[in-house]
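Breakdown of the fold
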Amino acid sequence: MSDADPSGFSPVMTMAIVLFGVEEIRACLRTGTETEQQAALAIALRRGRPGLLLVIGALQNPNPATRQMALNLLRKRTEPEALQAIWAYLALPAPLQSLDYTALQSALAIAQWQTADELTGALVLALVNRERAWLREQDVAALPMADLTILDGLWRFYSGDRFGFTIQAQIWRTCEQAECTPLSYSAFDLSYCFSQRVGWHLKMYEARYLAQYDFCRKSRTRYELTAPIGSLPSTFALGGGDSQLESERGDIESTMGFYAPDRVYHIWEPDALFGHNLLRQFFLKIEQLPGFQQSIRQSES
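Reference entry: report on the structure contained in this document. Because the structure is predicted, anything quoted here is derived from the model rather than measured.

Conventions used here
- Residues numbered from 1 in each chain as written.
- Predicted model: local features only at pLDDT ≥ 70, side-chain atom pairs only at ≥ 80, totals over all residues.
- Heavy atoms only, no water.
- 1 Å grid on protein atoms, 1.4 Å probe; cavity = no way out; pocket = protein on both sides within 12 Å on 5 of 7 lines; lining within 4 Å.
- Points joined across faces, edges and corners; volume = space filled by probe spheres on them.
- Helix = DSSP H or I, 4+ residues; strand = E, 2+ residues; numbered from the N terminus.
- Phe/Tyr/Trp six-rings, centres within 6.5 Å; stacked < 30°, edge-to-face > 60°.
- Buried < 20%, exposed > 50% of the residue type's maximum accessible area, 1.4 Å probe, protein only.
- Salt bridge = Lys/Arg side-chain N within 4 Å of Asp/Glu carboxyl O.
- Disulfide = S-S within 2.5 Å.

Here we come to the layout of surface pockets. Computed from the structure, the largest pocket encloses a volume of approximately 320 Å³. What lines the largest pocket is a set of 15 residues, among which Asp-152, Gly-153, Arg-156, Gly-291 and Gln-294 lie closest to the centre. Sorting the residues of the lining of the largest pocket by element identifies helix H10 (145-159) and helix H14 (290-300) as the ones contributing at least two each. The element best represented in the lining of the largest pocket is H10, accounting for five residues.

Below you can see the structure in the form of structure tokens.
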């Protein structure tokens, strides 16, 4: 039988640290080698709240590898001290609105992606007092940048930069550059490109003059970390609006042999905002966040 420990640390080293108390682990984190410090961190979480505080303190350790391991250990913790430590580590701003982000952060920490998605939608609408409604143009403009930074920062951190508003905005810009030119803007081509990249389904509504495009999640796009990059949050769900159906009789006479069929189309209320039009305005707002420029630099490196 092999004497190797599945954690990667020698049995002697692990046993020695297990027998130590919190103070011995603290000393190891101060003076131990990199390997010893990482072994101490793995054991610290078995020491209750004092051990958790040692892991939090290791976020300030001068050794980058030790700091990273502490961060990885805290990523899945939901204790208030751990959530606050992650918030401070990410340098997230104070919310401008009196909203509590604890439930969202906890859901993200334990990978409850669907719950986090639903909480995010509710928080965004609450920021502009639009609970159980949808974002209008004036609402998008009024969204506080600090709170958008919080939402985006939490999603990006807990998903490892797979999900978040700025991730989506980067994909939108990439599709826009690929599918549109200054003289030829195609809402369909842009929307289709984006939906294919993020795993959403594109829906078309017939309107009187120009078709309108909306999105929904594909049934096979699961709420998992392996879902397409940018598939969460469900930003399209922030839109909406009321409409009514109108009908128009087609041409029944033609001197050239061409006949227009009868049409049924949607007439939308002036405050409706959804799909392509919503994302275009929302992502222009998101491009002002610091995280967006970070995602641009990452994609170019």
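What follows picks up the thread again.
This part covers the packing of aromatic side chains. Geometry of an aromatic ring pair is reported as the spacing of the ring centres plus the angle between the planes. Tallying each qualifying case throughout the model produces 17 aromatic pairs. Measuring from ring centre to ring centre gives 5.2 Å for Trp-172 and Phe-194, while their planes differ by 70°; the resulting arrangement is edge-to-face. Highlighted residues: Trp-172 in helix H11 (residues 165-179) and Phe-194 in helix H12 (residues 187-198), separated in sequence by 22 residues. Overall, the relative accessible area of 2% leaves Trp-172 in the buried class. Summarising the aromatic geometry, the rings of Phe-282 and Phe-283 are spaced 6.1 Å apart at their centres and angled 65° between planes, so their arrangement reads as edge-to-face.

Bringing the pattern of salt bridges into the picture now. The final tally for this structure, using the stated rule, is eight salt bridges. The partner of Arg-26 in a salt bridge is Glu-23, with the nearest N and O atoms 3.2 Å apart. Remark: Glu-23 and Arg-26 occur in helix H2 (residues 22-31); sequence separation between them is three residues, near one turn of the helix. A relative accessible area of 32% means that Arg-26 is categorised as partly exposed.

Across residues other than glycine, the phi torsion is negative in most instances, and most of the peptide bonds are trans. Put simply, Leu-232 and Pro-233 share a cis peptide bond, and its omega is -5°. Structurally, the position occupied by Pro-233 is in the loop between strand S2 (212-217) and strand S3 (243-248). Of note, Asn-129 is a non-glycine position whose phi angle comes to about 55°, a positive value. Mapping Asn-129 onto the fold places it in the loop between helix H8 (113-127) and helix H9 (137-142). A positive phi angle is found at Asp-161, which is not glycine, with a value near 65°.

What follows deals with the state of the cysteines. In protein chemistry, a disulfide is the covalent bond that joins the sulfur atoms of two cysteines. Under the defined criterion, the tally for this structure stands at one disulfide. Each sulfur in the disulfide pair Cys-175 and Cys-193 lies 2.3 Å from the other. Sign of the S-S torsion, about -70° for the bond between Cys-175 and Cys-193, identifies this disulfide as left-handed. Of this pair, Cys-175 sits in helix H11 while Cys-193 sits in helix H12; the two residues are 18 residues apart in sequence, bridging distant segments of the chain. The cysteine Cys-180 is free of any disulfide, with Cys-193 supplying the nearest cysteine sulfur at 8.9 Å. Take Cys-180: its relative accessible area is 11%, and that puts it in the buried class.

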